[in-house]
Each structure stands twice: as structure tokens, then as C-alpha cells.
Amino acid sequence: MNKSCAHCEQSFEPEPGYYFGAMFISYGINTGIFIAAWIALTVIKPDYSLTLLLTLLGVAAIVFLPFIYRVSRSIWIAIFIPYRGDDRQPSN
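Remember, predicted model here, so these are calculated numbers, not experimental data. (Residues numbered from 1 in each chain as written. Predicted model: local features only at pLDDT ≥ 70, side-chain atom pairs only at ≥ 80, totals over all residues. Heavy atoms only, no water.)

Caption draft 1: Representation of the overall build of the chain in the model. From N to C terminus, the chain includes two helices and zero strands. For 92 residues, the compact-globule estimate of 2.2 N^0.38 gives 12 Å, and the chain exceeds it by more than 25% at 19 Å. Taking the principal axes of its C-alpha atoms as reference, the chain extends roughly 65 × 35 × 20 Å. With 92 residues in all, the chain has 20% of them scored as buried. Surface summary for the chain: the accessible area is close to 7,300 Å², and the carbon and sulfur share equals 67%. Positive and negative side-chain charges of the chain, numbering 6 and 6 respectively, have mean locations separated by a distance of 6 Å. (Helix = DSSP H or I, 4+ residues; strand = E, 2+ residues; numbered from the N terminus. Rg over C-alpha atoms; globule rule 2.2 N^0.38 Å. Buried < 20%, exposed > 50% of the residue type's maximum accessible area, 1.4 Å probe, protein only. Areas by Shrake-Rupley, 256 points an atom, 1.4 Å probe, with all protein chains shown as cover. Lys, Arg positive; Asp, Glu negative; His and termini not counted. Charge placed at Lys NZ, Arg CZ, Asp CG, Glu CD.)

Caption draft 2: Summary view of helix α1 (residues 22-44). For α1, with 23 residues, the first-to-last C-alpha span of 33 Å sits near the 33 Å given by 1.5 Å per residue. Listed in full, the buried residues belonging to α1 are A22, I25, S26, N30, I33, A37 and L41. Buried residues along α1 sit against α2 (50-80). (Expected span 1.5 Å × (residues − 1). Contact = heavy atoms within 4.5 Å.)

Distances and angles like these do not, on their own, reveal function.
Set out below in C-alpha cells:
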């Protein structure tokens, strides 16, 4: 992740340990993905084994890890630092 925004110079790490709370958002997103995978497996193959379920959840966690990491950090910083949009005025 970049140290600061290229457009507005906002620091992406305002203080040490700032993104510790993003871990809880990541936990919630992972829980949603695990529940969705479990329901999908139940619909597709009702007589699944525990090994198949755990393998599916492990693969889902590894595949979605980069996405969840970035999204949880983005959600966490958006809670505390509001988005201002493009403050520049168009030139004539």
C-alpha cells in the first residue's frame, strides 16, 4: 500500500497500529464469504464431507485474501477520514 495518496497527500498510516481495527472488518467479510460458500456447497452437493467443506473454505480464504485485505483497510480508513472528492476547480 502506498504511504500517501498521490492526489491529496493524505497519509494512509496516520499512526502506528492504525489498521488494527481493519482486522475486525476483515473478520466480518471472511465470515460472510464462509457462510456463502457453505450455503453454495449445501445447495450444490447436499451430502458433502467435512473435508470437502474445510478445503472449500481454505481455498476461498486464500483466493479472496488480497481482495479482503485491501477492502477492509479501505473501509476502515473511510470510517475516520471522509472522502472529499476532487477539490480542484475546472480551468477555463
